[in-house]
Amino acid sequence: MCNAAINKTLILLSLPLLLGSMSVTSCSGNGDKDKAEALLSEATTACDAGKYELALSLTDSLKRAYPEQIDTRRKGLHITAKATEGLTLRNLERADSTLAVLGERGDSLSHLVKWVNNPIEGYYVAAGASAAPVSSATGLYARVSPGGDFYLISVLKSPAVKSTSVTVSCGADQASTATVAHDGERNDRSMGAEVITFIGSECDDAGRFIADHAGQPVKVTFNGQRSHSATLSSTQAAEIATLYNYATTVREAKIAAIEKTKLERMLDTARSQAARTFVEPDSVK
């Protein structure tokens, strides 16, 4: 009986401590729920106001900070999907606007270029470009492939310098092509001239430089075992600028079209997720 009395006394003494512990745990749980609900409310308000990046940041914080608040996080998933949908729609509008601008620019440039049939692969040149072979005169000649790739052909009739690259300059500013070693194909010396074909990134800096200095005198230097410089004719400079701008527009339009397709797929996914994660206001207990 003595032991029973002692055990009863211990239980009675421990009861307030147990109740207090339960109370603290309960309060802590309620506190987390309130904080999670507050974050959800902020995210909802931000999404409704079109502040989609903020809404996404808040729902991400909700997910990371309160992983045990399942019901609140489930509602947060819907806000995430809605914010993603809104942000994607906004980006789609920008993509459409970019495509429209590039389309207008492309239309304005299209009459300045012409198509040349070639047994290997056709290409675009400036509308007023001479039909004479490029090897007939020293200078730089631009081409654009069917896919919109810009390339540059350097031709040096004399003196022989065994050229492998060219540098274009205007005042103190300059830009150079990459080096293309003599191989009898892209760097050829068999036609009474040193002819080098620079493709894509090999000549992008030089093309951009000439386009940026349109209407200004540009000097071209042929670099090899020694160097030789000449003034680029205003006609050649204008043709290169036209072809470079045309190629840039075609490339940018292709990239913008790919981006638009990607955004359209993202929008479909976001709308599907929004439908799947929608929770009726009174359905979550």
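Structure first, text after, so check above.
A quick note: this is a predicted structure, and the numbers were derived from the prediction, not measured.

Caption draft 1: Representation of the packing of aromatic side chains in the model. Taken as a whole and judged by the stated rule, the model has three aromatic pairs. With centroids separated by 4.9 Å and ring planes inclined at 70°, the aromatic side chains of tryptophan 115 and tyrosine 124 adopt a geometry described as edge-to-face. The partly exposed category is assigned to tryptophan 115, whose relative accessible area is 40%. Assessed through its relative accessible area of 22%, tyrosine 124 is described here as partly exposed. Three or more aromatic residues joined by ring pairs form one cluster here, namely Trp115, Tyr124 and Tyr246.

Caption draft 2: Just empty space enclosed by the protein, in detail. For the coordinates displayed, the defined rule picks out one cavity of 30 Å³ or more. Of all the secondary structure elements, the ones that give two or more residues to the lining of the largest cavity are β2 (123-126), β3 (139-144) and α5 (234-277). Along the lines of polarity and charge, the residues of the lining of the largest cavity split into eight nonpolar, one polar and two charged.

Caption draft 3: Region of interest: the sheet that holds strand β10 (residues 227-231). What the four strands build is an open sheet, ordered β6-β5-β9-β10; its pairing is antiparallel. With partners counted over all chains shown, the strands left at the sheet margins are β6 (173-176) and β10, one partner each. Shown here is a sheet whose adjacent strand axes are inclined to one another by a mean of 20°, direction ignored. Taken together, the five bridges between strand β9 (residues 219-223) and β10 define a ladder with antiparallel strand orientation. Opposite phenylalanine 222, over in β10, you have histidine 228 as the bridge partner.

Conventions used here
- Residues numbered from 1 in each chain as written.
- Predicted model: local features only at pLDDT ≥ 70, side-chain atom pairs only at ≥ 80, totals over all residues.
- Heavy atoms only, no water.
- Phe/Tyr/Trp six-rings, centres within 6.5 Å; stacked < 30°, edge-to-face > 60°.
- Buried < 20%, exposed > 50% of the residue type's maximum accessible area, 1.4 Å probe, protein only.
- 1 Å grid on protein atoms, 1.4 Å probe; cavity = no way out; pocket = protein on both sides within 12 Å on 5 of 7 lines; lining within 4 Å.
- Points joined across faces, edges and corners; volume = space filled by probe spheres on them.
- Helix = DSSP H or I, 4+ residues; strand = E, 2+ residues; numbered from the N terminus.
- Nonpolar A, V, L, I, M, F, W, Y, C, P; charged D, E, K, R; others polar.
- Pairing = 2+ DSSP bridges.
- Axes fitted to C-alpha atoms, helices over the stretch in contact; angles between N-to-C directions.

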